[in-house]
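Notes for the structure review
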Amino acid sequence: MKKITIIGGGLGGLALANGLRLADVPVEVMEAGHYPRHRVCGEFMAGLTEQTIQDLGLKSCFVDALRHSTTCFFSKGKAIRTYALPSPVLGISRHTLDLRMANLVRERGGIVREGVRADLSPGNGIIQTGGNKPKAGGFSGMKGHWGDLETRADLEMHMGEHSYVGLSAVENGDINVCGLFKQIAVGEFGSRLDRFLATLERNGLGYLAKRLSKANLREDSLCSVAGLHYNSIRGHFRGTLGDRHRLIPPFTGNGMTIAIESAASVLPLAVAYAEGRLAWEQFLEESDTRLREQFAHRYRTANLLHPFLLSPSLQSILTILSRARLLPFPALYKLTHA
Ligand SMILES: Cc1cc2nc3c(=O)[nH]c(=O)nc-3n(C[C@H](O)[C@H](O)[C@H](O)COP(=O)(O)OP(=O)(O)OC[C@H]3O[C@@H](n4cnc5c(N)ncnc54)[C@H](O)[C@@H]3O)c2cc1C
């Protein structure tokens, strides 16, 4: 049996590694960071099916995931409307989930190397799951966990100026606050928290900053990323999956799901390669085609809808439609998740 090397131990890489171990394929994951660690992510996972979780042997990782069923949209600090989610969305922190998935790979006999930033050029049996490759410009993301914070619905979505911020509970009851911003606050700040709150202020979300400053921040959970570009199709797809393949706008809560679904999709091809039934070149060709076809419409719809959350004038249209009960929320949800 040939070995598969996975570069990047995030959700896509670890999901694939788990699936490969279930099929007895030798697997080595190289991860630049160390588990457990917080990651910039809204930590609500929409559209992941029980079947996919089972196929990859990941059931134990989700044992205490929350099941969210409502979402409330806010504009200028005012609640616009609460919607029932067409199907439950999982709430679980990356701190917990990535650690559990890495441990499971090891329990199944796979190798997970931490603190290794691999720089392997493409080659037989190497799959790149290193997540977003930052590029100059684009959006920035910030997140943190807060205790003692009440929310109006399972998910709160706050629209700011060219930005939005989601609030949702994770498995230990803390609230994850995660935002996407075109502009972040720059200058001298006493702490990362001050910078986060100043960024909220700068983006017309000062009311949220006030709310957070009264709650109980889990200091070690604050993190940020930059250089996020949506709408851009990456030049080199072959041998990649998850965010390395393509980014979906985070309001969908579907990026984690796509990373895991991508792993499930390429798994039979990777097993076929490891067993010597498929040439590597064929693996690259077929996995790329499979991923493009499976997710193309989700990326397209999500990118069409994204400006409605970001641009103040389009947000007004969304608000009016929503207040008049004319927003086809279930249909739009379906288009971005199936
Ligand atoms: C602001 C924001 C909010 C989001 N909210 C949500 C949400 O609510 N729901 C949702 O489903 N999705 C959300 N997402 C998207 C989601 O986080 C990603 O789609 C998901 O993490 C992709 O998983 P991945 O495995 O492809 O990459 P990642 O999870 O990013 O993992 C990549 C891993 O590769 C490692 N790595 C990188 N380079 C190397 C290297 N050279 N060698 C070794 N290791 C390397 C990194 O350390 C990392 O651990 C959000 C994203 C952002 C930016």
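Up top is the structure these notes are about.
Our subject in this report is the structure included herewith. Each chain carries its own residue numbering, running from 1 in the written order of its sequence. For this predicted model, a pLDDT threshold of at least 70 governs which residues receive local features, and a threshold of 80 or more governs which side-chain atom pairs are given and counted, while totals over whole chains, interfaces and linings are taken from all residues. Excluded from the side-chain calculation are hydrogens and water; included are all heavy atoms of the structure.

1. Points about the sheet that holds strand 6 (residues 111-114)
Taken together, the four strands give an open sheet; going across it, the order is 6-2-1-7, and neighbouring strands pair in parallel fashion. Every interior strand has two partners, whereas the edge strands, strand 6 and strand 7 (126-128), have only one. Each strand axis lies, on average, 15° off the axis of its neighbour in the sheet, ignoring direction. Pairing between strands is defined by DSSP: at least two bridges between them are needed. Each helix is a run of DSSP H or I of at least 4 residues and each strand a run of E of at least 2, with the numbering of both proceeding from the N terminus. With three bridges joining them, strand 1 (residues 4-7) and strand 7 adopt parallel strand pairing. Across the sheet, residue Ile7 finds its bridge partner in strand 7, namely Gln128. Lines fitted to C-alpha atoms define the axes, with helix axes restricted to the stretch in contact, and inter-axis angles between N-to-C directions lie between 0 and 180 degrees.

2. Details of the site of the ligand
Nearness of a residue to a molecule or strand requires only that one of the residue's heavy atoms be within 4 Å of it. Of all residues adjacent to the ligand, which total 35 residues, the nearest are Glu31, Arg37, Gly42, Phe44 and Asp243. Polar contact criterion, stated in full: a pair of N or O atoms within 3.5 Å, where within protein one must be able to donate a hydrogen and the other to accept it, and residues adjacent in sequence count only if both atoms are side-chain atoms. Within the contact set of the ligand, a nitrogen atom lies 3.0 Å away from a backbone nitrogen or oxygen of Ala32. In this structure, Glu43 approaches the ligand through a main-chain N or O atom, which is 3.3 Å from an oxygen atom. Its free accessible area being 1,000 Å², the ligand has 92% of it covered by the protein chains. Elements represented by at least two residues in the shell around the ligand include exactly helix 1 (11-22), strand 2 (27-31), strand 11 (175-181) and helix 6 (255-274). Throughout, the Shrake-Rupley method with a 1.4 Å probe supplies accessible areas, and for residues the shown protein chains are the sole cover considered.

3. Brief notes about the nonpolar core
To qualify as a nonpolar core, a set must consist of buried Ala, Val, Leu, Ile, Met, Phe, Trp, Tyr and Cys residues joined through side-chain atoms within 4.5 Å. Only protein chains enter the area calculation, which uses a 1.4 Å probe; residues under 20% of their type maximum are buried, those over 50% are exposed, and those in between are partly exposed. Residues Leu16, Leu20, Met45, Leu58, Phe62, Ile260 and Phe283 are the most contacted members of the largest nonpolar core, which totals 76 residues. At 13 residues, the largest contribution of residues to this core is made by helix 6. Whether two residues are in contact is decided by their heavy atoms: any pair within 4.5 Å suffices. Setting aside residues no more than four positions away along its own chain, Leu58 makes contact with Ala15, Asn18, Ile53, Met101, Leu104 and Ile260. Membership of the second largest hydrophobic core comes to 19 residues, among which are Trp146, Ala169, Phe196 and Leu212.

4. Digging into the pattern of salt bridges
A pair is scored as a salt bridge if a Lys or Arg side-chain nitrogen falls within 4 Å of a carboxyl oxygen belonging to Asp or Glu. Within the structure shown, the criterion is met by 16 salt bridges. A salt bridge links Glu28 to Arg113, with the shortest nitrogen-to-oxygen separation between them at 2.5 Å. Taken together, the residues span a long stretch of sequence, with Glu28 in strand 2 and Arg113 in strand 6 at a distance of 85 residues. The partner of Arg106 in a salt bridge is Glu114, with the nearest N and O atoms 2.9 Å apart. On the accessibility criterion, Glu114 (25% relative accessible area) is partly exposed.

5. Re helix 7 (residues 280-310)
By this rule the span expected of a helix is its residue count minus one, scaled by 1.5 Å. If you check helix 7, its first and last C-alpha atoms are 41 Å apart, about what 31 residues at 1.5 Å a residue would give, namely 45 Å. At Phe295, helix 7 is bent by approximately 50°, the largest bend along its length. At every residue, the bend is computed as the angle between two fitted axes, covering the seven residues ending there and the seven beginning there respectively.

6. Considerations on the sheet that holds strand 11
The mixed open sheet is built from eight strands, whose spatial order is 3-5-4-9-10-11-8-12. The sheet is open, and its two borders are formed by strand 3 (44-45) and strand 12 (216-228), each paired with just one other strand. Both strand 8 (residues 139-147) and strand 11 contribute to a ladder of seven bridges, which runs antiparallel. Bridge pairing links Lys143 to Cys178 in strand 11. In the packing of helix 8 (residues 312-323) onto the sheet, contacts are made with strand 4 (66-75), strand 5 (78-91), strand 9 (155-160) and strand 10 (163-169), and the angle to strand 5 comes to roughly 85°.

7. Observations regarding the packing of aromatic side chains
Note on ring pairs: Phe, Tyr and Trp rings are taken, using the six-membered ring of Trp, and paired if centres are within 6.5 Å. Classes follow the plane angle, with under 30 degrees stacked, over 60 edge-to-face and the rest tilted. Summed over all chains, the structure comprises nine aromatic pairs. Note on Phe73 and Tyr83: the rings are 6.1 Å apart at their centroids and 85° apart in plane angle, and the pair reads as edge-to-face. Here Tyr83 lies in strand 5 and Phe73 lies in strand 4, a separation of ten residues in the sequence. For the pair Phe73 and Tyr83, one class covers both residues: buried. Taken together, Phe73, Tyr83, Phe329 and Tyr333 form an aromatic cluster joined through their ring pairs. Consider the ring centre and the ring normal. A charge sits over the ring if Lys NZ or Arg CZ is within 6 Å of that centre and within 35 degrees of that normal. Above the face of the Tyr273 ring, Lys2 is positioned so that its terminal group lies 4.5 Å from the ring centre. The ring of Phe139 carries Lys182 above its face, with NZ or CZ at 4.6 Å from the centroid.

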